[in-house]
Amino acid sequence: MTPGDQDDGIRADTELREKLHERLNDGYYLGEGDYQRGVVACLRWALGELGVSPVTEQPAAQVPDERAATREQHRAYAAMRGEVAEGQERRSLQYYTGCENALSWIAGRDGL
């Protein structure tokens, strides 16, 4: 499966790549630190460029579908409240907030 396949429910590959390019090249976003790192990690995960998911750090055998993106979004929201699974790397609130916003957008809802 490739990003943005008709049945996977996430945004199209072209939208994901455009947003990633924007985030990496628009000076407006460069000062966002951990928030920006969370957004970029999620976009790369959605494009199949990361070997693990950005929040739960689960191995990623393929690009995520809408269900996987939504699950990861829910874990990001829980992590924003301090609920991090045992053995999971603890990151900043800004990182998890960036992930939560990006994952919502990736799954076709509001965000970013």
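I will try to describe carefully the structure that is included in this document.

Conventions used here
- Residues numbered from 1 in each chain as written.
- Predicted model: local features only at pLDDT ≥ 70, side-chain atom pairs only at ≥ 80, totals over all residues.
- Heavy atoms only, no water.
- Axes fitted to C-alpha atoms, helices over the stretch in contact; angles between N-to-C directions.
- Helix = DSSP H or I, 4+ residues; strand = E, 2+ residues; numbered from the N terminus.
- Parallel < 35°, antiparallel > 145°, perpendicular 65-115°, else oblique.
- Left-handed = near helix turned anticlockwise from the far one by under 90°.
- Contact = heavy atoms within 4.5 Å.
- Phe/Tyr/Trp six-rings, centres within 6.5 Å; stacked < 30°, edge-to-face > 60°.
- Buried < 20%, exposed > 50% of the residue type's maximum accessible area, 1.4 Å probe, protein only.
- Lys NZ or Arg CZ within 6 Å of the ring centre and 35° of its normal.

## As for the packing of helix α3 (residues 66–80) against helix α4 (residues 93–106)
Step number 1: Where α3 meets α4, the axes come as close as 8 Å, and the angle between the chain directions of the two elements is 155°. As far as their axial angle goes, α4 and α3 are roughly antiparallel. Both α3 and α4 take part in a crossing whose hand is left-handed. Between α3 and α4, the residues in contact are Ala69, Glu72, Gln73, Ala76, Tyr77, Ala79 and Met80 and Leu93, Tyr96, Thr97, Cys99, Glu100, Leu103, Ser104 and Ile106, respectively.

## Topic: the packing of aromatic side chains
Step number 1: Here the structure, examined in full by the defined rule, presents one aromatic pair.
Step number 2: Ring plane angle 75° and centroid distance 5.8 Å describe the contact between tyrosine 95 and tyrosine 96, whose orientation is recorded as edge-to-face.
Step number 3: For tyrosine 95, a relative accessible area of 6% puts it in the buried group.
Step number 4: Between the NZ or CZ atom of lysine 19 and the centre of the ring of tryptophan 105, over which it lies, the distance is 5.3 Å.
Step number 5: When the ring centre of tyrosine 95 is taken as reference, the NZ or CZ atom of arginine 91 above it lies at 4.5 Å.

## Quick word on the side chain of threonine 70
Step number 1: If you trace the backbone, threonine 70 turns up in helix α3.
Step number 2: In contact with threonine 70, not counting residues within four places along its chain, are Ala107 and Arg109.

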